[in-house]
Amino acid sequence: MARIVYLNGDYLPETEARVSIFDRGFLMADAVYEVTSVLGGKLIDFDGHMARLARSLGELDMANPLTQETWLEIHRELLRRNDISDGGVYLQVTRGAPNDRDFVFPDPEKIPQTVVLFTQSKPGLIDSPSAKTGIRVISIPDIRWGRRDIKTVQLLYPSMGKMMAKAAGCDDAWLVEDGFVTEGSSNNAYIVKDGKIITRDLSRDILHGITRAAVLRFARESQMEVEERPFTIAEAQAADEAFITSATMFVTPVIEIDGTAIGTGTPGNVAPRLRAIYFEESLKTGI
Ligand code: PDD
């Protein structure tokens, strides 16, 4: 069965959805995106993802082309048409397709934005093998642009980071700037020391993870101590545990950084506990 995707108001088989070669998402990476996870057919942290979408668009002087209700309707319709139980919905809004390549933004009154959504089915997402074994990461310099708080589709360097990790026999890369970890290639980064959860504070240097916000809230509600500040790779290597969060990986333990085992070199206690709490709580509020 061909996947049904959404493009500019239409639901189409994926093979029939076409976007102009002049689309600014394609030519300029002039586009923002969101990924919302789906568990048991429910959208997780949907309001958070829509709030961040609105913020990303606003920061780039783009209008939000649809209302919250319409976004929800489209997400739900795609889940229904593609019979998705576990997986995610990818959403992208570009500045549209003018009739030629030009660095100058097109007039938004004349050029409509491009809106694309598609589903990704991932049965058994909750019990992914990496959650049980933990993942290995390498550190690489963070050479991305200075507005990482905007969720743009400029993902070449994160993609290269994953390839560097793969080449080193690892799973992912943590990015380092001025001696401190910013975040993972497509996730937020954490360490645990003496029971305290440490993660970089929010700024333009990192994406403000929706999973991060939920996990830190649940951690605090469970009387765990949280400290939001930068940390180094050396500090991470000397930590008791490390982990990452994202809408696709939820809470996933990190067991090795640049060849050094973290703690016992196994997933530890805090990350698996936070993962369990995250599922329990977010399934309650999934819509
Ligand atoms: N990535 N940091 C970066 C650079 C990210 O790309 C992501 C998400 C996160 C975590 O944010 P959230 O918890 O809202 O998913 C942090 C998504 C999953 C992706 O690109 O597929």
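Here the structure is a predicted model, which is why all the values come from computation and not from measurement.

Rules behind the numbers
Residues numbered from 1 in each chain as written. Predicted model: local features only at pLDDT ≥ 70, side-chain atom pairs only at ≥ 80, totals over all residues. Heavy atoms only, no water. Helix = DSSP H or I, 4+ residues; strand = E, 2+ residues; numbered from the N terminus. Rg over C-alpha atoms; globule rule 2.2 N^0.38 Å. Buried < 20%, exposed > 50% of the residue type's maximum accessible area, 1.4 Å probe, protein only. Contact = heavy atoms within 4.5 Å. Areas by Shrake-Rupley, 256 points an atom, 1.4 Å probe, with all protein chains shown as cover. Patch = residues over 30% accessible without salt bridge, like charges linked within 9 Å, V, L, I, M, F, W, Y side chains within 5 Å. Salt bridge = Lys/Arg side-chain N within 4 Å of Asp/Glu carboxyl O. Expected span 1.5 Å × (residues − 1). Near = heavy atom within 4 Å. Polar contact = N/O pair within 3.5 Å; in protein donor to acceptor, adjacent residues only side chain to side chain. 1 Å grid on protein atoms, 1.4 Å probe; cavity = no way out; pocket = protein on both sides within 12 Å on 5 of 7 lines; lining within 4 Å. Sits in = over half its atoms within 2 Å of the grid points. Nonpolar A, V, L, I, M, F, W, Y, C, P; charged D, E, K, R; others polar. Pairing = 2+ DSSP bridges. Right-handed = clockwise from strand over helix to strand, strands pointing away. Phe/Tyr/Trp six-rings, centres within 6.5 Å; stacked < 30°, edge-to-face > 60°. Axes fitted to C-alpha atoms, helices over the stretch in contact; angles between N-to-C directions.

Check the secondary structure of the protein chain and you find eight helices and 15 strands. Rg of the C-alpha trace for the protein chain: 19 Å, near the compact-globule value of 19 Å for 287 residues, within the 12% margin. Based on the C-alpha atoms only, the size of the protein chain along its principal axes is roughly 55 × 40 × 35 Å. Per-residue burial over the protein chain gives 50% buried out of 287 residues. When contacts within the protein chain are restricted to residue pairs at least 6 apart in sequence, those whose partners lie at least 24 apart make up 71%. For the protein chain, the exposed area adds up to about 13400 Å²; of that, 54% sits on carbon and sulfur atoms.

Moving on: a nonpolar patch on the surface. A cluster of nonpolar residues, Ile21, Phe26 and Leu27, forms a patch on the protein surface that exposes about 320 Å² of accessible area. Assignment of secondary structure puts Ile21 in the loop between β2 (10-13) and α1 (24-28). Taking relative accessible area as the criterion, Ile21 reaches 57% and is therefore assigned exposed.

This brings us to helix α8 (residues 270-285). Its 16 residues place the ends of α8 22 Å apart at the C-alpha level, agreeing with the 22 Å of an ideal helix rising 1.5 Å per residue. Among all positions of α8, only Val270, Ala271, Leu274, Arg275, Ile277, Tyr278, Phe279 and Ser282 are buried.

In the vicinity of the ligand there are 19 residues, among which Tyr33, Arg52, Glu183, Ile210 and Thr211 approach most closely. Taking Glu183, its side chain carries an N or O atom lying 2.7 Å from a nitrogen atom of the ligand. Isolated, the ligand exposes 480 Å² of accessible area, and the fraction of that covered by the protein chains is 90%. Among the cavities detected, the one that contains the ligand is the largest pocket. When contributions to the shell around the ligand are tallied by element, the ones reaching two or more residues are β3 (31-39), α2 (46-59), α6 (210-221) and β13 (241-246). Residues that form the shell around the ligand fall into these classes: five nonpolar, 10 polar and four charged.

What follows deals with the pairing of strand β8 (residues 172-177). With five of its six residues buried, β8 lies for the most part within the structure. Relative to β8, strand β7 (residues 135-141) runs parallel, the two sharing five bridges. The partner of Ser139 across the bridge, within β8, is Trp174. The β-α-β motif built from β7, the intervening helix α5 (residues 156-167) and the parallel element β8 has right-handed crossover chirality. Judged from the three bridges that link them, β8 and strand β9 (residues 180-184) form a sheet pairing that is antiparallel. Counted as the bridge partner of Val176 is Val181 from β9. The antiparallel pairing of β8 with β9 creates a hairpin that spans two residues between the two strands, and Asp178 there sits at a positive phi of about 50 degrees.

A few words now on the packing of aromatic side chains. The description of two aromatic rings rests on the distance between their centres and on the angle between their planes. Overall, the coordinates contain nine aromatic pairs when judged by the stated rule. Ring centres 5.6 Å apart and planes at 25 degrees place the aromatic pair Tyr33 and Tyr90 in the stacked group. Of this pair, Tyr33 sits in strand β3 while Tyr90 sits in strand β5 (residues 87-94), and the two are 57 residues apart along the sequence. A residue is classified by how much of its surface remains accessible, and Tyr90, at 16% relative accessible area, is buried. Relative to Tyr278, the ring of Phe250 lies with its centre 6.1 Å away and its plane at 40 degrees, an arrangement referred to as tilted. Of this pair, Phe250 sits in strand β14 (residues 250-257) while Tyr278 sits in helix α8, and the two are 28 residues apart along the sequence. Residues Phe250 and Tyr278 agree in their burial class; the two are buried. Ring-pair connections join several aromatic residues into one group, and the members of that group are Phe218, Phe250, Tyr278 and Phe279.

The next point concerns the sheet that holds β5. Sheets are built from strands that pair by backbone hydrogen bonding, the pairs being arranged parallel or antiparallel. Reading across the sheet, the six strands line up as β2-β1-β6-β5-β3-β4 and stay open at both edges, with antiparallel pairing between neighbours. Strand pairing shows two members of the sheet lacking a second neighbour, β2 and β4 (42-43), which therefore form its edges. When β5 meets strand β6 (residues 114-121), the two strands line up antiparallel, connected through eight bridges. Counterpart to Tyr90 in the pairing with β6 is Phe118. The sheet strands contacting helix α3 (residues 68-82) are β1 (4-7), β2, β3, β4, β5 and β6, and the helix crosses β6 at an angle near 40 degrees.

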